[in-house]
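Residue strings, one per chain:
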Amino acid sequence: MNYIISGKNIDVTEGLKQAVYDKLGRLEKFFNADTNAQVTFSVEKERQKIEVTIPMKGHIIRAEQVSDDMYVSIDMVVEIIERQVTRYKKRIVDQEQDAAYFQPQFLEEEDDTDEGEISIIRSKKFAVKPMYPEDACVQMDLLGHNFYVFRNAETDEVNVVYKRKGNTYGLIEPEF
């Protein structure tokens, strides 16, 4: 992986860079060598924050963590990305455009988990990038947001997916 490391209100020391290489190096088993990872450190008051963004064609894998210790934040953000990648492996890999970003060994592994099954349990009528609603749910989770606006690839209408209690999803469709 290629790391692009920057800092806001913090000098990125060699120690922090080495921690990124060591800890995020665990993610290299998932991604190809030419995959870019944008790492941003920031400090606001006493909060130590790290943001990691891994852009891929059609998706973005993103995680951020805040703690009192930057090295703890690095450990936590790596765990989040590992969970995201393994959870959404099947859905991401189903799209050939994203398969090029992952290691072949990772793609061939059997996935024993049934988690990640998305079922939309509520629709609303309601008066952005073409994608299917399930893909928008995946993208929303990867970004860590509670809702996601997108253009429905099937209907060419603007839709919104959102998170509900109990780890379920909802879809808002336009009404004219």
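Everything below is about the structure printed above this text.
Residues numbered from 1 in each chain as written. Predicted model: local features only at pLDDT ≥ 70, side-chain atom pairs only at ≥ 80, totals over all residues. Heavy atoms only, no water.

**A word on the side chain of Gln-65**
Our working rule: Think of it this way: any DSSP run of H or I at least four residues long counts as a helix, any run of E at least two long counts as a strand, and we number them from the N terminus. Per-residue accessibility, obtained with a 1.4 Å probe over protein chains only, is compared with the maximum for each type, and a residue is labelled buried under 20%, exposed over 50%, and partly exposed between these values.
As for its position among the elements, Gln-65 is in strand β4 (residues 59-67). Since its relative accessible area comes to 19%, Gln-65 is described here as buried.

**Things to note about the pattern of salt bridges**
Where we set the bar: In the sections that follow, a salt bridge refers to a side-chain nitrogen of Lys or Arg positioned within 4 Å of a carboxyl oxygen of Asp or Glu.
Within the structure shown, the criterion is met by eight salt bridges. For Asp-75, the salt bridge goes to Lys-23, with nearest N and O atoms at 3.3 Å. Linking Asp-75 in helix α2 (residues 70-87) with Lys-23 in helix α1 (residues 14-24), this pair joins segments that are 52 residues apart in sequence. Between Glu-51 and Arg-62 there is a salt bridge, with the nearest N and O atoms lying 3.5 Å from each other. One end of the pair, Glu-51, is in strand β3 (residues 47-56); the other, Arg-62, is in strand β4, with eleven residues separating them in the sequence. Judged by relative accessible area, which is 19%, Glu-51 ranks as buried. What makes Arg-62 partly exposed here is its relative accessible area of 21%. By sharing partners, the salt bridges in this structure join Lys-49, Glu-51, Arg-62 and Glu-64 into a single network.

**Examining α1**
Definition in use: In this description, the arc belongs to the directions extending from the helix axis to the C-beta atoms. Only heavy atoms matter for contacts: two residues are in contact if any of them lie within 4.5 Å across the pair.
All buried positions along α1 are accounted for by Leu-16, Ala-19, Val-20 and Leu-24. Down the axis of α1, the buried set is contained in an arc of 100°. They therefore lie on one face. Here the buried face of α1 lies against β1 (2-8), β2 (36-44), β3 and α2.

**So, the sheet that holds β2**
Adjacent strands of a sheet pair through backbone hydrogen bonds, lying either parallel or antiparallel. Just so we agree on the cut-off: A pair of strands is treated as paired once DSSP finds two or more bridges between them. To get an axis, fit a line to the C-alpha atoms, keeping to the stretch in contact for a helix; angles then go from 0 to 180 degrees between the N-to-C directions.
Spatially, four strands are ordered β1-β2-β3-β4 in an open sheet, and the strand pairing comes out mixed. Whereas interior strands pair on both sides, the edge strands pair on one side only; in this sheet they are β1 and β4. Mean inter-strand twist for the sheet, computed between neighbouring axes without regard to direction, equals 15°. Across nine bridges, the pairing between β3 and β4 is antiparallel. Residue pairing in the sheet places Thr-53 in a bridge with Arg-62 of β4. Helix-sheet contacts for α2 involve β2, β3 and β4, and the interaxial angle to β4 is about 150°.

**A few points about α2**
What counts, and what does not: Helix span, as expected, comes to 1.5 Å for every residue beyond the first. Under the rule applied, a polar contact is a pair of N or O atoms within 3.5 Å (in protein, one hydrogen donor and one hydrogen acceptor; residues adjacent in sequence only if both atoms are side-chain atoms).
Look at α2: 26 Å from first C-alpha to last across 18 residues, which is about the 26 Å you get at 1.5 Å a residue. Within α2 the residues assigned to the buried category are Met-70, Ser-73, Ile-74, Val-77, Val-78, Ile-80, Ile-81, Glu-82, Gln-84 and Val-85. N-cap assignment for α2: the residue whose side-chain oxygen lies 3.1 Å from the backbone N of Tyr-71 is Asp-69.

**Description of the nonpolar core**
What counts here: Side-chain atoms within 4.5 Å link the members of a nonpolar core, which is a set of buried Ala, Val, Leu, Ile, Met, Phe, Trp, Tyr and Cys residues.
Membership of the largest hydrophobic core comes to 39 residues, with the highest contact counts inside it found for Leu-24 and Phe-31. Elements supplying a minimum of two residues to this core: α1, β2, β3, β4, α2, α6 (133-143), β7 (147-152) and β9 (168-173). It is α2 that provides the largest number of residues to this core, a total of seven residues.

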